[in-house]
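Here are the chains, one letter per residue:
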Amino acid sequence: MDVSPGLPAFTVVGLPDQSVSEARERVRAAANSKRAFSSVTFRSAPHASPAPAAPRPAEDAAALARLVHWARRWGPWSAADGCDGLVVDTTGAAHLHGGEAAMLADMQARFALAGLTARVAVAPSRGAAWGLARFGALRAEAQDVSPLLPLPVAALRLAPDTVLLLRRLGLRTVGDLAAIPRLSLARRFRRLPPADNPLIRLDQANGRLAEPLDPPDPPPAFRAAARLPEPVLDPTQNLPAL
């Protein structure tokens, strides 16, 4: 903090105990004793950070619903993906943003301006993009499903029990699962629901099975109009009522 014009006011954020108050006084004393310098640098202890906010499912869901429509700047169709993600169909739209790499960078930059940290990925299928965004690099770009193969089987959107079973069978990565004959996978997991069937999830990631996007309708746009009997030459007197 800059103390060249004088000692500024500051607040040490942390748990309500005596150590926080003592830390504030130590910083103030250091600033007073080094008035000749233009800056004072200090490091806060990890325990002095604010406590995490309580979960607010309703508010988070409402914010995610607004982000769904806001994200359509990158593609015509978008939808929520679970409670913590978005999916956008950018087919034929990436060139409008300078290419896929530039589009992903723009996504992260705009989310950062909104105070959000985003992991983004673009892939030929929705399943592959889901896995890369959550288990791949912070910004992943794939032209095929090969970057998905070294990722853990959880990248296929499988339930924890199914992931545990696959690990016990020695199938730890998507590549391990893809190397198993399809008939063996179909027989072994035929009783599982489609949303938790490793073979179906693998086919969705590879693009063999389509996953149609069900985007919500945009909110209605309202407009009011009033027809006047005579043309209005000077609208100044009507401005307060508008």
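Criteria and thresholds
- Residues numbered from 1 in each chain as written.
- Predicted model: local features only at pLDDT ≥ 70, side-chain atom pairs only at ≥ 80, totals over all residues.
- Heavy atoms only, no water.
- Buried < 20%, exposed > 50% of the residue type's maximum accessible area, 1.4 Å probe, protein only.
- Helix = DSSP H or I, 4+ residues; strand = E, 2+ residues; numbered from the N terminus.
- Salt bridge = Lys/Arg side-chain N within 4 Å of Asp/Glu carboxyl O.
- Phe/Tyr/Trp six-rings, centres within 6.5 Å; stacked < 30°, edge-to-face > 60°.
- Lys NZ or Arg CZ within 6 Å of the ring centre and 35° of its normal.
- pLDDT = per-residue confidence, 0-100.
- Contact = heavy atoms within 4.5 Å.
- Pairing = 2+ DSSP bridges.
- Core = buried A, V, L, I, M, F, W, Y, C linked by side-chain atoms within 4.5 Å.
- Arc of directions from axis to C-beta.

### As for unusual backbone geometry
Then comes step 1: A positive phi is found at Arg 157, a non-glycine position, where the angle reads about 65°.
Then comes step 2: Looking at Arg 157, the relative accessible area reads 14%, which means it is buried.

### Some remarks on the environment of Asp 217
Then comes step 1: Inspection of the secondary structure assignment puts Asp 217 in the segment after α8 (198-206).
Then comes step 2: It is 9.7 Å that separates the C-alpha atoms of Asp 217 and Trp 77, two residues lying 140 residues apart in sequence.

### Description of the pattern of salt bridges
Then comes step 1: Tallied over the full model, the rule gives seven salt bridges.
Then comes step 2: Between Arg 126 and Asp 81 there is a salt bridge, with the nearest N and O atoms lying 3.8 Å from each other. Here the residue Arg 126 occupies a position in helix α4 (residues 126-135), and Asp 81 occupies one in the loop between β1 (77-80) and β2 (86-89), the gap between them amounting to 45 residues.
Then comes step 3: Across the salt bridge formed by Glu 211 and Arg 157, the nearest N and O atoms sit 2.8 Å from each other. On the criterion of sequence distance, the pair formed by Glu 211 in the segment after α8 and Arg 157 in the loop between β4 (139-141) and α5 (160-168) is long-range, its members being 54 residues apart.
Then comes step 4: Among the charged side chains, a salt-bridge network with shared partners connects Arg 157, Arg 201 and Glu 211.

### Quick look at the packing of aromatic side chains
Then comes step 1: Inspection of every chain in the model, using the stated rule, returns four aromatic pairs.
Then comes step 2: Pairing Trp 70 with Trp 74 gives two aromatic rings, centres 5.4 Å apart and planes at 90°, and the pair type is edge-to-face.
Then comes step 3: Residue classification places Trp 70 among the partly exposed residues on the basis of a relative accessible area of 26%.
Then comes step 4: Taking the relative accessible area as the measure of exposure, Trp 74 reaches 2% and is therefore buried.
Then comes step 5: Both rings, one in Trp 70 and one in Phe 111, keep their centres 5.1 Å apart while their planes meet at 80°; by these two values the pair is edge-to-face. Placement of the pair is Trp 70 in helix α2 (residues 57-70) and Phe 111 in helix α3 (residues 100-113), with a sequence separation of 41 residues.
Then comes step 6: Through successive ring pairs, a cluster of aromatic residues spans Trp 70, Trp 74 and Phe 111.
Then comes step 7: The aromatic ring of Trp 74 is capped on one face by Arg 73, whose charged end is 5.9 Å from the ring centroid.
Then comes step 8: Its end group placed over the ring of Phe 189, Arg 188 keeps NZ or CZ at 5.5 Å from the ring centre.

### Regarding the confidence of the model for the protein
Then comes step 1: Across the protein, the average pLDDT comes to 81, with 78% of residues at 70 or higher.
Then comes step 2: A low-confidence stretch, residues 7-16 stays under pLDDT 50, and its non-local contacts, those more than four residues away or across chains, total 22 contacts.
Then comes step 3: In the predicted structure, residues 33-49 sits below a pLDDT of 50 and forms 20 contacts with residues beyond four places in sequence or in another chain.

### Considering the pairing of β1
Then comes step 1: Where β1 and β2 come together, four bridges link them in antiparallel fashion. Residue Trp 77 lies in a different strand from β2, and its bridge partner there is Asp 89.

### Quick look at the side chain of Thr 162
Then comes step 1: Tracing the backbone through its elements, the reader meets Thr 162 in helix α5.
Then comes step 2: Apart from residues lying up to four places away in sequence, Thr 162 is in contact with Leu 192, Asp 196 and Pro 198.

### So, the nonpolar core
Then comes step 1: The biggest cluster of nonpolar side chains holds 23 residues, and the ones touching the most others in it are Ala 123, Leu 132, Leu 148, Leu 156, Leu 166 and Leu 177.
Then comes step 2: Residue assignment for this core shows that the elements contributing at least two residues are α4, α5, α6 (174-178) and α8.
Then comes step 3: Discounting residues that sit within four places of it in the chain, Leu 166 has contacts with Val 153, Leu 158, Leu 171, Leu 177, Phe 189 and Pro 198.
Then comes step 4: Among the nonpolar cores identified, the runner-up in size contains eleven residues, and Leu 67, Met 103, Phe 111 and Val 122 belong to it.

### Details of α5
Then comes step 1: Restricting attention to buried positions, one finds in α5 the residues Thr 162, Val 163 and Leu 166. All buried residues of α5 fall inside an arc of 100° around its axis, so they share one side. What points out from α5, more than 90 degrees from its buried face, is the exposed set Pro 160, Asp 161 and Arg 168.
Then comes step 2: Its buried side turned inward, α5 meets α6 and α8.
Then comes step 3: Immediately beyond the C-terminal end of α5, within one or two residues, lies Gly 170, with a positive phi of roughly 85°.

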